[in-house]
Amino acid sequence: MFAARLASAVRVLRSAQTTGPQTAAMLGTCTTSQAPCSRLQHRRTASDRRGFHTTASMRKSDDFYEVLGVKRDATQAEIKKAYYQLAKKYHPDANKAADAKDKFLKIQEAYDTLSDESKRSSYDQFGTADPNMGGGAGAGFGGFGNMEDILSQMFGGGGPRGGRGGFTAVGEDIEAAVTISFMDAVRGVRTSVTVTPVVKCSPCSGSGARPGAKRHTCKTCGGSGQATFAMGGFHVQQPCPACGGEGSAVRSADRCGSCGGKGRVRERRTEDIDIPPGCDSGMRVRLPGKGDAPIDGDGPSGDLYVQVRVTPSKVFRRKGADVYYDVSVPLHTALLGGAVRVPTVDGDVEVNIKQGVQPGDELRLRGKGIARINARGRGDQYLTLKVRLPETLTPAQRDLIEQFAALSGGGPSHSATAEGEGADHTKPADDDSSSLFGRIKKNLRGHKDS
C-alpha cells in the first residue's frame, strides 16, 4: 500500500509539469485548454518557493554523512539501509510535516552522492561531488530525483527480473579485507582473497527450475511482470509481487534441488587482486563485477571492494608517501664527519655525515620514499641523526678526550679544583652545556669520578 502511495506521488508531481485538458480534468480545476489553470500555476510556484531546486549554499551547509546519520567510513550496505529508512520516514506522501519535502531532498541528494564511489571520493576530497554545484538531487522533475528507482529498490526486490517494465536489476556490492606486509605495500603485490558472493545456480542456470522442467506463466500478472493498482483515480504499476516481475514462476514440484527454486546460491570463490605500489592501510581496491549477482533478473553483478591492511614496519615509520628512519651515528663520525650506511625501501645506501652534526639533525633523501597513489613520483626518506656515545673508554681514549676537554676550556684539573673547594658548579662563560661537546665533557667527567 505504501508503495502505491509513493508511486501515486510520482504521478502527481509529473502531472504538475503539464497543463493540458487531461491534467486539468485529473486535478478537477479547469476544463479549457486555452490557458493553464490557476491552481496548477500556484502548485508550480509553490514548489519552486519550497526549494525543489536546491541551491549551492544549502549543499555546502549540509554534511551528507550527517544527513544520512552514518559514519564517514560507512559501508555501502550501511548507507543504503540508512537511506531506505529515512526515505520512508520523510517522503512527502507519507510525512505531512512542513519540512518533510526539504528533508527528503537532502536525503536523496546525500544518497545519490555517497552511493556512487567516484562521487563519494570527490565529495570526501573536495566537499562536493559536482565542482559546478549544479544538478544533484535538485535536478530532474520536482527535485525528487529517480523516484522510480526508489520504488523498485524499496518494494520490488531490486527491480523486476529480466528488466521488464524498464528496470534493470543490479547485484549488491560486497566487501572483503586483506592484510599485507609493509614492503609488499611499498612494492605492490599480487595476492588473493576468499569471498562467498551470490551467483546463479549452475544446475538450473538461474531459472530456479529443475532440469527438464519449465516455468509457467504467472497467473497474477498474466506474464506481464507488472501489477497495476488503482488509488485516488490513478493507476500505478509496480513489479508483480507473485513472480518478482519476471512474468513466470516455478511450481513447487519443479523447483531446482540445489537452490530450492530461488535460482541463486552462495559460492565460495578465491579472487586474485593486484595491490598497487604505495597502497596504505584503509585504502580499498575495487574489482568490478565480482560482487553479488542480482537476486532477480540477468543484470550485472555488483562490485567487490577489498580493504587493505598494512602491517607496520619494524624498521621504518611511514607518513603518507614519506619514510622516516633513525640513524645511529658514532661519536667520532659526528665530530669528524664520515659516511654511514642506512637502509631504504630500495636497499642500503651510503650517506655522508658532515662534521659537527648535532643530535636530532635531519637529513633528506629525495625520491627514496614510497610511490604516490594516483600521482607521479615518490615521497622522500628522512633520516633523524642519533649520536651514539660510548659506554666505556679505553685509557688511551679517555686521555685523548680529556685533552680535548682541556683544550675546549673545561679540563679535568678545573673540575677537580672546584669540587675540592666545595664551590658551586657553575659552567664557564664560554661553555655551552646544551651543545654536543658540552654533553660529552659532562659525560666524561662522570666516568672519571666513578
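Look above for the structure.
The following paragraphs examine the structure supplied in this document. (Residues numbered from 1 in each chain as written. Predicted model: local features only at pLDDT ≥ 70, side-chain atom pairs only at ≥ 80, totals over all residues. Heavy atoms only, no water.)

Remarks on the overall build of the protein
Then step 1. When you go through the protein residue by residue, the secondary structure sums to 14 helices and 17 strands.
Then step 2. Put simply, the protein has 450 residues, and 39% of those count as buried.
Then step 3. In the form shown here, the protein has an accessible surface area of approximately 25,300 Å², with 49% of it arising from carbon and sulfur atoms. (Helix = DSSP H or I, 4+ residues; strand = E, 2+ residues; numbered from the N terminus. Buried < 20%, exposed > 50% of the residue type's maximum accessible area, 1.4 Å probe, protein only. Areas by Shrake-Rupley, 256 points an atom, 1.4 Å probe, with all protein chains shown as cover.)

Looking at the nonpolar core
Then step 1. In this structure, Val 327, Val 342, Ile 353 and Leu 383 are the most contacted members of the largest nonpolar core, which totals 20 residues.
Then step 2. The biggest single contributor to this core is strand E13 (residues 322-330), with four residues. (Core = buried A, V, L, I, M, F, W, Y, C linked by side-chain atoms within 4.5 Å.)

Some details on the packing of aromatic side chains
Then step 1. A complete count under the given rule lists seven aromatic pairs for this structure.
Then step 2. Pairing Phe 316 with Tyr 325 gives two aromatic rings, centres 6.0 Å apart and planes at 55°, and the pair type is tilted.
Then step 3. Ring centres 5.1 Å apart and planes at 15° place the aromatic pair Tyr 324 and Tyr 382 in the stacked group. A residue pair is termed long-range when its members are at least 10 positions apart, and Tyr 324 in strand E13 and Tyr 382 in strand E17 (residues 381-388) qualify at 58 residues. Tyr 382 shares its class with Tyr 324; the two are buried.
Then step 4. The structure contains a cluster of three or more aromatic residues connected by ring pairs, namely Phe 64, Tyr 65 and Tyr 123. (Phe/Tyr/Trp six-rings, centres within 6.5 Å; stacked < 30°, edge-to-face > 60°.)

Thoughts on the sheet that holds E13
Then step 1. One open sheet accounts for four strands, arranged E12-E13-E17-E16; its pairing is mixed. With one partner strand each, in any of the chains shown, strand E12 (317-319) and strand E16 (362-365) form the two edges of the open sheet. Ignoring strand direction, the axes of neighbouring strands in this sheet form an average angle of 30°.
Then step 2. Two strands pair when backbone bridges link them, and E13 and E17 are joined in this way by eight bridges, in the parallel orientation. Directly across from Tyr 325, in E17, lies its bridge partner Leu 383. (Pairing = 2+ DSSP bridges. Axes fitted to C-alpha atoms, helices over the stretch in contact; angles between N-to-C directions.)

Quick word on the sheet that holds strand E1 (residues 174-180)
Then step 1. The strand order E1-E11-E10 describes an open sheet built from three strands, whose pairing is mixed. Each edge of the open sheet is held by one strand with a lone partner, namely E1 and strand E10 (284-287). Sheet twist, expressed as the mean angle between neighbouring strand axes with direction ignored, is 25°.
Then step 2. With four bridges joining them, E10 and strand E11 (residues 304-310) adopt antiparallel strand pairing.

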